[in-house]
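Residues per chain, in single letters:
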Amino acid sequence: MTQPQTDTRALRNALGRFATGIAIVTAIDPDGHPVGLTVNSFSAVSLQPALVLWCLDNGSHNLEAFRKASHHAINILAADQQDLSNRFATWPTDRFAGLPWQPGVGGAPVFPGCCASFQVANESALAGGDHTIFVGRVEQFAEAPALAPLLFHGGQYRTLADA
Ligand SMILES: Cc1cc2nc3c(=O)[nH]c(=O)nc-3n(C[C@H](O)[C@H](O)[C@H](O)COP(=O)(O)O)c2cc1C
């Protein structure tokens, strides 16, 4: 059924028909603390130069930290990392407490056990309505092709049927 463009709930539902992976984007804030959140707005942009993007809600606690950080890391979650996704989408305070991670380029936290990770330089932060579009230049990346991904579709976590 066709919906008016102003019906935000319906628009969100329709957008949710686009199946995505899930990532946790991380950085180090100006005080040296790790910051991060769960996103599914990650996308490849360009191969040469190697560019990727993701979108951050302008209401995020972490907007200034990501604007100021020289680098951030994009951790693509595996099927068994749903708890990590929930933690970085909901915990109000220290999301990193008790978690293992390694500092990547610019110190941005890289988690073990992910399907892939991209360590990127903060190339630009573009206005995108109520979100900011972060474009990153990939400086390092890694992949674990044997790991099945965590997916998101219709507002729910999913896994690949043929993984
Ligand atoms: C599957 C999933 C995907 C999400 N994708 C995004 C996204 O692309 N951009 C965004 O800003 N928030 C996204 N969120 C919401 C944030 O993870 C959530 O609002 C988080 O609490 C924001 O934290 P912050 O305000 O500390 O940055 C997503 C949440 C989930 C569960």
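Nothing here was measured: the structure is a model prediction, and the numbers come from that model. (Residues numbered from 1 in each chain as written. Predicted model: local features only at pLDDT ≥ 70, side-chain atom pairs only at ≥ 80, totals over all residues. Heavy atoms only, no water.)

Enquirer: Whenever I open this one, the pattern of salt bridges confuses me. Can you help?
Expert: When charged atoms on two side chains of opposite charge get close, those side chains can pair. The full count for this structure, using the stated rule, is two salt bridges. Across the salt bridge formed by E123 and R137, the nearest N and O atoms sit 2.7 Å from each other. One end of the pair, E123, is in strand β9 (residues 116-128); the other, R137, is in strand β10 (residues 131-143), with 14 residues separating them in the sequence. Judged by relative accessible area, which is 41%, E123 ranks as partly exposed. Residue E139 pairs with R137 through a salt bridge whose shortest N-O separation is 3.7 Å. For E139, a relative accessible area of 39% puts it in the partly exposed group. Looking at R137, the relative accessible area reads 34%, which means it is partly exposed. Among the charged side chains, a salt-bridge network with shared partners connects E123, R137 and E139. (Salt bridge = Lys/Arg side-chain N within 4 Å of Asp/Glu carboxyl O. Helix = DSSP H or I, 4+ residues; strand = E, 2+ residues; numbered from the N terminus. Buried < 20%, exposed > 50% of the residue type's maximum accessible area, 1.4 Å probe, protein only.)

Enquirer: Help me understand the site of the ligand in this model?
Expert: In the region of the ligand, 16 residues are neighbours, and T38, S41, D57, S60 and A89 sit closest. Here T38 contributes a backbone N or O atom positioned 2.8 Å from an oxygen atom of the ligand. With respect to the ligand, the side chain of S41 contributes an N or O atom lying 2.6 Å from an oxygen atom. Across the complex, the protein chains shield 77% of the 650 Å² of accessible surface that the ligand would expose by itself. (Near = heavy atom within 4 Å. Polar contact = N/O pair within 3.5 Å; in protein donor to acceptor, adjacent residues only side chain to side chain. Areas by Shrake-Rupley, 256 points an atom, 1.4 Å probe, with all protein chains shown as cover.)

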